[in-house]
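# Descriptive structure summary
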Amino acid sequence: MKVKVTKECMGDRRCNDLCPEVFEYDEDELKSIVKFDEVPSEYYALVRQAAEECGAFAIEIEDDN
Ligand code: SF4
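All figures in this text were calculated on a predicted structure; none of them were measured in a lab. (Residues numbered from 1 in each chain as written. Predicted model: local features only at pLDDT ≥ 70, side-chain atom pairs only at ≥ 80, totals over all residues. Heavy atoms only, no water.)

### Here we look at the pairing of strand E3 (residues 31-34)
Let me state the cut-off plainly: Whether two strands pair depends on DSSP finding at least two bridges between them. Numbering goes from the N terminus for both helices and strands, where a helix is a DSSP run of H or I of at least four residues and a strand is a run of E of at least two.
Two strands pair when backbone bridges link them, and strand E2 (residues 23-26) and E3 are joined in this way by 4 bridges, in the antiparallel orientation. From the neighbouring strand, Glu24 faces E3, where its bridge partner is Ile33. In sequence, E2 turns back onto E3 through a hairpin of 4 residues, with Leu30 there showing a positive phi of about 60°.

And the structure:
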């Protein structure tokens, strides 16, 4: 699975709280970033939940394999 956070991120860090293993807040970019190029499979469910719950629709799952 490949995931990205778009520039629409409003920085409320909700995804960071839900899945800190994958998402972290970048103080320079002022938005959340994804720690992995390929997200480990054990985090798929949480990443999908984070994408659904992101109020800015800023989490894009690019490749769901
Ligand atoms: S939940 Fe969405 S808006 Fe909030 S920090 Fe994460 S990507 Fe950004």
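Let us keep going from here.
### Considerations on the pattern of salt bridges
How we decide: Only one rule defines a salt bridge in this text: a Lys or Arg side-chain nitrogen within 4 Å of an Asp or Glu carboxyl oxygen. Here the term buried applies to any residue with accessible area under 20% of the maximum for its type, exposed to any over 50%, and partly exposed to those in between, with areas from a 1.4 Å probe on protein chains only.
In total, this model carries 9 salt bridges according to the counting rule given. The partner of Glu8 in a salt bridge is Lys7, and the shortest N-O contact between them spans 3.2 Å. Note on Lys7: relative accessible area 71%, which makes it exposed. Residues joined in a network through salt bridges with shared partners are Lys2, Asp37 and Glu38.

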